[in-house]
Amino acid sequence: DMNNAKRAPIGGLRTLTLDQLFAHPFPDREHLVFPWLRQGESALLWAPVGLGKTMLSLTLALAVAGGGKVLGWEAHRPRSVLLVDGEMHAADLRDRLQMLAGTIEGCDMAAAGRNLRVLCRQMQDGDVKFPDLAESVVPDAGRKAGQDVILAVARQAQAELVILDNLTTLAGVEDENSAAALGPVVQFLLRVKQAGHACILVHHAGKSGTNFRGSSAIATTFETIIGLRRLEGHAVGDGVGFELCWE
């Protein structure tokens, strides 16, 4: 009848009345990293080259995959994690993860071994196109767009957390200073959130080292933005050291 026709979804989109919204049984969103990252949320982690952003992102990958405490934060239980790496040699990735494995208090490495799945460019055959997270449409119907490939891998892994390291090597963006050029990346990050995955995007600092590189449009999707800044007087020989800046 006419009333039912009026209520039929248009383009598959759902609408809710205010009463339905108030009555909807939303499940509590648990913390993947307490106190700053919950299920389905996203964070931007940026830093100058060589300061330790990959070391921190790998530490977080292990902590979430195996549970445990690090830097005053806590992953209360092991969860599935997908790490997408766009540049590091697979052997170096292995060596860093092995080095970091013993640094997380209470981490269950057996659980981490099952829960952490790595999609690494350097482990692919030379003729395999690595997914571009800025690619949403392809002219060739014979293959999936890069965004669809990454989402499919995340879904197959049942990943509660997706770590993307890093924006520059994973997204073919002509001009990171252009909001329009970053539009496909923003849409992808929203698709990740819509699919229910939490996400940490690793990015470089700008020339000044006081903010992330490129257009501020990239910041619109994140609940948390964390910058790593250089410590005055800190020597590289003393190990990884940085100041955390919560934006």
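Rules of the game
- Residues numbered from 1 in each chain as written.
- Predicted model: local features only at pLDDT ≥ 70, side-chain atom pairs only at ≥ 80, totals over all residues.
- Heavy atoms only, no water.
- Helix = DSSP H or I, 4+ residues; strand = E, 2+ residues; numbered from the N terminus.
- Buried < 20%, exposed > 50% of the residue type's maximum accessible area, 1.4 Å probe, protein only.
- Polar contact = N/O pair within 3.5 Å; in protein donor to acceptor, adjacent residues only side chain to side chain.
- Contact = heavy atoms within 4.5 Å.
- Axes fitted to C-alpha atoms, helices over the stretch in contact; angles between N-to-C directions.
- Left-handed = near helix turned anticlockwise from the far one by under 90°.
- Nonpolar A, V, L, I, M, F, W, Y, C, P; charged D, E, K, R; others polar.
- Patch = residues over 30% accessible without salt bridge, like charges linked within 9 Å, V, L, I, M, F, W, Y side chains within 5 Å.
- Areas by Shrake-Rupley, 256 points an atom, 1.4 Å probe, with all protein chains shown as cover.
- Salt bridge = Lys/Arg side-chain N within 4 Å of Asp/Glu carboxyl O.
- Phe/Tyr/Trp six-rings, centres within 6.5 Å; stacked < 30°, edge-to-face > 60°.
- Core = buried A, V, L, I, M, F, W, Y, C linked by side-chain atoms within 4.5 Å.

Novice: Give me the side chain of His197: which residues, what numbers.
Specialist: For His197, the location among the structural elements is in the loop between helix H8 (183-194) and strand E9 (198-204). For His197, a relative accessible area of 8% corresponds to the buried category. Here the side chain of His197 touches Ala159 through a polar contact of 2.6 Å, landing on its backbone oxygen. When residues no more than four places from it in sequence are discounted, the contact partners of His197 are Gly40, Glu41, Ala154, Arg155, Ala159, Glu160, Val162 and Val192.

Novice: Describe the packing of helix H3 (residues 53-66) against helix H4 (residues 90-100), and please don't skip the residues or the numbers.
Specialist: Running from N to C, H3 and H4 cross one another at 65°; their axes reach a closest spacing of 10 Å. Two packed elements cross with a definite hand, and for H3 against H4 that hand is right-handed. Residue-level contacts link Thr54, Met55, Leu58, Thr59 and Leu62 of H3 to Leu93, Arg96, Leu97, Met99 and Leu100 of H4. By residue class, the composition of the contact of H3 with H4 is seven nonpolar, two polar and one charged.

Novice: Give me the lowdown on a nonpolar patch on the surface, citing residues and values where you can.
Specialist: Together, Leu16, Leu18, Leu21, Phe22 and Phe26 make up a nonpolar patch on the protein surface, roughly 570 Å² of accessible area in all. Topologically, Leu21 is positioned in helix H2 (residues 18-23). Judged by relative accessible area, which is 40%, Leu21 ranks as partly exposed.

Novice: Give me the packing of aromatic side chains: which residues, what numbers.
Specialist: What the rule picks out here adds up to three aromatic pairs. Arranged with centres 5.3 Å apart and planes meeting at 75°, the rings of Trp36 and Trp73 form a pair that is edge-to-face. With Trp36 in the loop between strand E1 (31-33) and strand E2 (37-38) and Trp73 in strand E5 (residues 73-75), this pair connects stretches of sequence that are 37 residues apart. These aromatic residues form a ring-pair network of at least three members: Trp36, Trp73 and Trp246.

Novice: Give a detailed account of the pattern of salt bridges, specifying residues and quantitative values.
Specialist: Counting across every chain of the model gives ten salt bridges. Between Glu160 and Arg79 there is a salt bridge, and its shortest N-O distance comes to 3.1 Å. Separated by 81 residues along the polypeptide, Glu160 in the loop between helix H6 (146-156) and strand E8 (161-165) and Arg79 in the loop between E5 and strand E6 (81-85) bring together distant segments of the chain. Residue Lys193 pairs with Glu223 through a salt bridge whose shortest N-O separation is 3.1 Å.

Novice: Tell me about unusual backbone geometry, and please be specific about residues and values.
Specialist: Look at the link from Phe34 to Pro35: it is a cis peptide, with omega at 15°. If you trace the backbone, Pro35 turns up in the loop between E1 and E2. Of the consecutive residues Asp165 and Asn166, the connecting peptide bond is found in the cis state with omega at 5°. Of note, Asn166 is situated in the loop between E8 and helix H7 (167-170). Even without glycine at this site, Leu71 takes up a positive phi of about 55°. With respect to the secondary-structure elements, Leu71 resides in the loop between strand E4 (68-70) and E5. A positive phi is found at Gln158, a non-glycine position, where the angle reads about 50°.

Novice: An account of the environment of Ala205 is requested, with residue identities and associated values reported.
Specialist: By the element assignment, Ala205 lies in the loop between E9 and strand E10 (224-229). When the C-alpha positions of Ala205 and Pro48 are compared, they lie 4.7 Å apart, and in sequence the two are 157 residues distant.

Novice: Now, about the nonpolar core: what can you tell me, with residues and values included?
Specialist: The biggest cluster of nonpolar side chains holds 39 residues, and the ones touching the most others in it are Trp36, Val81, Leu116, Leu161, Ile200 and Leu228. Examining the composition of this core, we find that nine residues originate from one element, H3, more than from any other. Once residues within four sequence positions are removed from consideration, Val81 is found in contact with Ala61, Val64, Ala65, Asn115, Leu116, Arg117, Ala159, Leu161 and Ile163. Within the second largest apolar cluster, 32 residues are counted, among which are Ala157, Leu164, Leu167 and Val185.

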